[in-house]
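Chain and residue survey
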2 protein chains.
Amino acid sequence: MQQTTTTSFRKLCAEHGIAVTHQRQVLYEVMHGMEGHPSPEEVYAKVKKKVPAISLATVYKNIHLFVESGIFRKMSMHHGSVRVEMNSEAHHHMVCSRCKAITDIGEEELGLAPSRNKLPGGFLVERYSVDVIGLCEKCQQA
Amino acid sequence: MQQTTTTSFRKLCAEHGIAVTHQRQVLYEVMHGMEGHPSPEEVYAKVKKKVPAISLATVYKNIHLFVESGIFRKMSMHHGSVRVEMNSEAHHHMVCSRCKAITDIGEEELGLAPSRNKLPGGFLVERYSVDVIGLCEKCQQA
DNA sequence: TAAAAGATGATAAAAGTTATCCTTCAATAA
DNA sequence: TTATTGAAGGATAACTTTTATCATCTTTTA
């Protein structure tokens, strides 16, 4: 069992061209086993139980590495400072995955059709906030 | 002209039950006139040109106030710490506007139909990231 | 197995945001 | 219009999150 996990993590690292370290493997396994969208601090707390000497910096560095390698994905493109909408029209955003440029796009222009207003778990829809992730024209050319 | 702006800002404040201050008005006008999704620091820099003595704290306090009053809207519900996806299925998020709880929802469950893969400005769509903002069942009852 | 490249850990520093506290201003009522 | 009172502003400390630095240690690979 342990052998299997180790083997598959080695393979994963080989595929993404990153070195296999103990910290990295434990971090990966812990994150993989977590529900929802834990913060780096939450991940750190869990990993520390298995590797008490691990540094928070290592957790951050490897979360970034995993995201950059495509092993995990960032939940949101917006996690820096608070950003406010000044465009009061109903609109969404086109976010360039390379240069991070954000451009507004109107609801109709996007051509998106929200259907239900009650979702699983009884969730009541107020509005949609859509980020279209892709490449802006400039970055397509580059 | 100035009179008109002032008058309408007074009305806006009255509607939202907040006091009219000089800083608040300039901040509102500056933000209203800005393109895109400026950060508090960027707003601060611009406001400072008109009210040099303004404090960064005032800018933050009033951005929050404007958002809480519904005068402006936060661009994203996710701007705290970095969050990572461990759910590798194609999915989106239901975000409770009251308790901020985030629940995953599958693409089909959401019943969303992305249509085009080329958008205005030549933007090339890679994927959609949808946040459904609304009320979870618990918060509907409360 | 040794050298080179890369990763880790400790910690300082930066960035972004909030809290504190005192001063000043705006709303309201006399 | 002015006095009063509660709210808002300004300066700055503190806190949170994240990144940078650098010496040491571990992987990789030749």
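Residues numbered from 1 in each chain as written. Chains lettered and ligands numbered in written order. Predicted model: local features only at pLDDT ≥ 70, side-chain atom pairs only at ≥ 80, totals over all residues. Heavy atoms only, no water.

**What about the protein's contact with DNA strand D?**
Short version of the rule: Proximity is defined per residue: if any heavy atom of the residue lies within 4 Å of a molecule or strand, that residue is considered near it. We call two N or O atoms a polar contact when they sit within 3.5 Å, provided that within protein one can donate a hydrogen and the other can accept it, with sequence-adjacent residues counted only if both atoms are side-chain atoms. Helix and strand definitions here come from DSSP, where helices need a minimum of 4 consecutive H or I residues and strands a minimum of 2 consecutive E residues; each element is numbered from the N-terminal end.
Taken together, 21 residues are adjacent to DNA strand D, and Tyr60 and His64 of chain A together with Gln23, Ser81 and Val82 of chain B come closest. A share of 78% is what sugar and phosphate atoms reach among the atoms of DNA strand D within 4 Å of the protein. Between DNA strand D and valine 20 of chain A there is a distance of 3.1 Å, counted from a phosphate oxygen to a backbone nitrogen or oxygen. In the environment of DNA strand D, a phosphate oxygen lies 2.9 Å from a nitrogen or oxygen atom belonging to the side chain of threonine 21 of chain B. Looking at the surface near DNA strand D, the elements with two or more residues in it are helix H4 (56-69) of chain A together with helix H2 (22-32) and helix H4 (56-69) of chain B. When residues of the surface near DNA strand D are assigned to their parent elements, the largest contribution, five residues, is made by H4 of chain A.

**Notes on the interface of chain B and chain A**
We count it as follows: We call two residues in contact whenever any of their non-hydrogen atoms come within 4.5 Å of each other. Buried area adds together the accessible area that both of two parts lose upon being put together, with accessible area traced by a 1.4 Å probe. Salt bridges are identified by distance alone: a Lys or Arg side-chain nitrogen within 4 Å of an Asp or Glu carboxyl oxygen. Note on residue categories: nonpolar means Ala, Val, Leu, Ile, Met, Phe, Trp, Tyr, Cys or Pro, charged means Asp, Glu, Lys or Arg, and polar means any other residue, Gly included. Strands are labelled as partners when DSSP assigns at least two bridges between them.
Contact residues are listed per partner, giving 63 residues for chain B and 63 residues for chain A. Counting the surface lost from both chain B and chain A, the interface buries some 6,000 Å², and carbon and sulfur atoms represent 59% of this. Across the chain B-chain A interface, the total number found is two salt bridges. In this structure, the salt-bridge partner of glutamate 42 of chain A is arginine 83 of chain B, at a minimum N-O distance of 3.8 Å. If you tally residues by element for the side of chain B that touches chain A, the top one is strand S6 (residues 123-135) of chain B, at 13 residues. When grouped by side-chain class, the residues that make up the side of chain B that touches chain A number 30 nonpolar, 19 polar and 14 charged. Bridge count between strand S6 (residues 123-135) of chain A and S6 of chain B: eleven bridges; the pairing is antiparallel.

**Things to note about the packing of aromatic side chains**
All names here are of chain A. Note the cut-off: Pairs were defined over the aromatic rings of Phe, Tyr and Trp, the Trp ring being its six-membered one, requiring ring centres within 6.5 Å. Orientation was assigned from the angle between planes: stacked under 30 degrees, edge-to-face over 60, tilted for the rest. Relative accessibility under 20% of the residue-type maximum defines a buried residue, over 50% an exposed one, and the middle range a partly exposed one, all with a 1.4 Å probe and only protein chains included.
Counted under the stated rule, the structure contains eight aromatic pairs over all chains. Centroid distance phenylalanine 9 to tyrosine 28: 5.3 Å. Interplanar angle 40 degrees. Geometry classified as tilted. One end of the pair, phenylalanine 9, is in helix H1 (residues 2-16); the other, tyrosine 28, is in helix H2 (residues 22-32), and 19 residues separate them in sequence. The two residues phenylalanine 9 and tyrosine 28 agree in class, both being buried. Taken together, Phe9, Tyr28, Phe66 and Phe72 form an aromatic cluster joined through their ring pairs.

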